[in-house]
Amino acid sequence: MAKAAPPTVTRAAVAGAQQHRAGQAGAQQHRVAVAGASGRMGHMLIEAIRASDDCRLVGALDVEASPAIGNDAAAFLGHASGVAVSADLRTGLAQAQVLIDFTRPEGTLAHLKVCRELGVSAVIGTTGFSEAQKSEIAVAARDIAIVMAPNMSVGVNVTLKLLEMAAKALATGYDIEIIEAHHRHKVDAPSGTALKMGEVIAQALGRDLRQCAVFSREGVTGEREPSTIGFASIRGGDIVGDHTVLFAGTGERIAITHKAASRATYAQGSLRAVRFLAGRKSGLFDMFDVLGLK
């Protein structure tokens, strides 16, 4: 029979674990609230925060009609976070330094109003904003720090940088088409990420996307205008998010594609944005700022 480990080894292991926990406790803790806490993205964010060493869930928000109201925000994981899902914005934001919001434009703007009053920063992954609503967010950023991006994925934002480079190199002789696919529940089209891809490409080419975008084709459309950027949207099943930009030239085609297999990538990017906002009092930033890609 093998001998038991000497007591000194056990004590050392215990001491090491205690030091590790003490180090974690002493690290900066980012106090985070999550909007849409009972939704698919809300669950992914709460799970990512729980697994993080430096972020702590202090608020969980949802609409009054949600059956999750009053329940522990981490109940879906089989754990207790000590944070109840609430429909009261001030209650949910009372202890927060930053709110992560992946909801709807109207809801996000209502949340942002209270964030501005309370001095709470915001990470906004909501899509579908009108130009007027984007202007409201820019005004709010005079008083609080905001990271706003149509896609928080690190990989997507690296892809955007690649598209900027490709557009400059392929400025003439190539037709540009953007194809995106998402799950059946997505309510806006094209996706915010597809539009951001179009904006990045148009800017690199010295164009205005509002003037050169083509969002639908049907019937006899005539020949393709060389300066346009086309969009196509697919909705079905449980597709998390696929985006392809096609540069179609004479004799060759170049496709730059990003495919998301899990919303976890959006959650991890959101936490990077939370860390970026630490210590910043105001300003409107995007994921290029967070990732140092500018």
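Residues numbered from 1 in each chain as written. Predicted model: local features only at pLDDT ≥ 70, side-chain atom pairs only at ≥ 80, totals over all residues. Heavy atoms only, no water.

**Side note on the sheet that holds strand 11 (residues 253-260)**
We count it as follows: DSSP bridges decide pairing: two strands pair if at least two such bridges lie between them. Counting from the N terminus, the helices are DSSP H or I runs at least four residues long and the strands are E runs at least two residues long. Contacts: residue pairs with any heavy atoms within 4.5 Å of one another. Lines are fitted to the C-alpha atoms to define the axes, a helix being fitted only along its stretch in contact, and any angle between axes, read from their N-to-C directions, falls within 0 to 180 degrees.
Taken in spatial order, the five strands line up as 8-9-7-10-11 in an open sheet, and their pairing is mixed. In this open sheet, the two edge strands, each paired with only one partner strand, are strand 8 (213-214) and strand 11. Looking at chain direction, strand 7 (residues 175-182) and strand 10 (residues 241-248) are connected through seven bridges and run antiparallel. Directly across from E180, in strand 10, lies its bridge partner H243. Those strands touched by helix 6 (residues 154-169) are strand 10 and strand 11, and its axis lies near 165° from that of strand 11.

**What to know about the pairing of strand 6 (residues 145-148)**
Quick note on the threshold: In this scheme, a residue with accessible area under 20% of its type's maximum is buried, one over 50% is exposed, and one in between is partly exposed, where area comes from a 1.4 Å probe on protein chains only.
Alternating positions in strand 6 separate into two faces, A145 and V147 on one and I146 and M148 on the other, with burial throughout. By the bridge criterion, three bridges tie strand 6 to strand 12 (residues 283-285) in an arrangement that is parallel. By the bridge assignment, A145 is partnered in strand 12 with G283.

**Considering the side chain of T127**
Relative to the helices and strands, T127 is located in the loop between strand 5 (121-124) and helix 5 (131-140). Discounting residues that sit within four places of it in the chain, T127 has contacts with P105, P150, K186, D188 and G192.

**Thoughts on unusual backbone geometry**
Residue P190 follows A189 across a cis peptide bond; omega there is -10°. With respect to the helices, strands and loops of the structure, P190 is situated in the loop between strand 7 and helix 7 (192-205).

**Comments concerning the pairing of strand 1 (residues 30-35)**
What counts is decided by this rule: A clockwise course of the path from the first strand over the helix to the second, judged with the strands pointing away from the viewer, identifies a crossover as right-handed.
With respect to burial, strand 1 is a largely interior element, five of its six residues being buried. When strand 1 meets strand 2 (residues 55-61), the two strands line up parallel, connected through six bridges. From the neighbouring strand, A35 faces strand 2, where its bridge partner is L61. At this point the chain moves from strand 1, through helix 2 (residues 40-51), to the parallel strand 2, and the crossover so formed is right-handed. Relative to strand 4 (residues 98-101), strand 1 runs parallel, the two sharing three bridges. Its bridge partner being in strand 4, V32 is matched across the sheet by V98.

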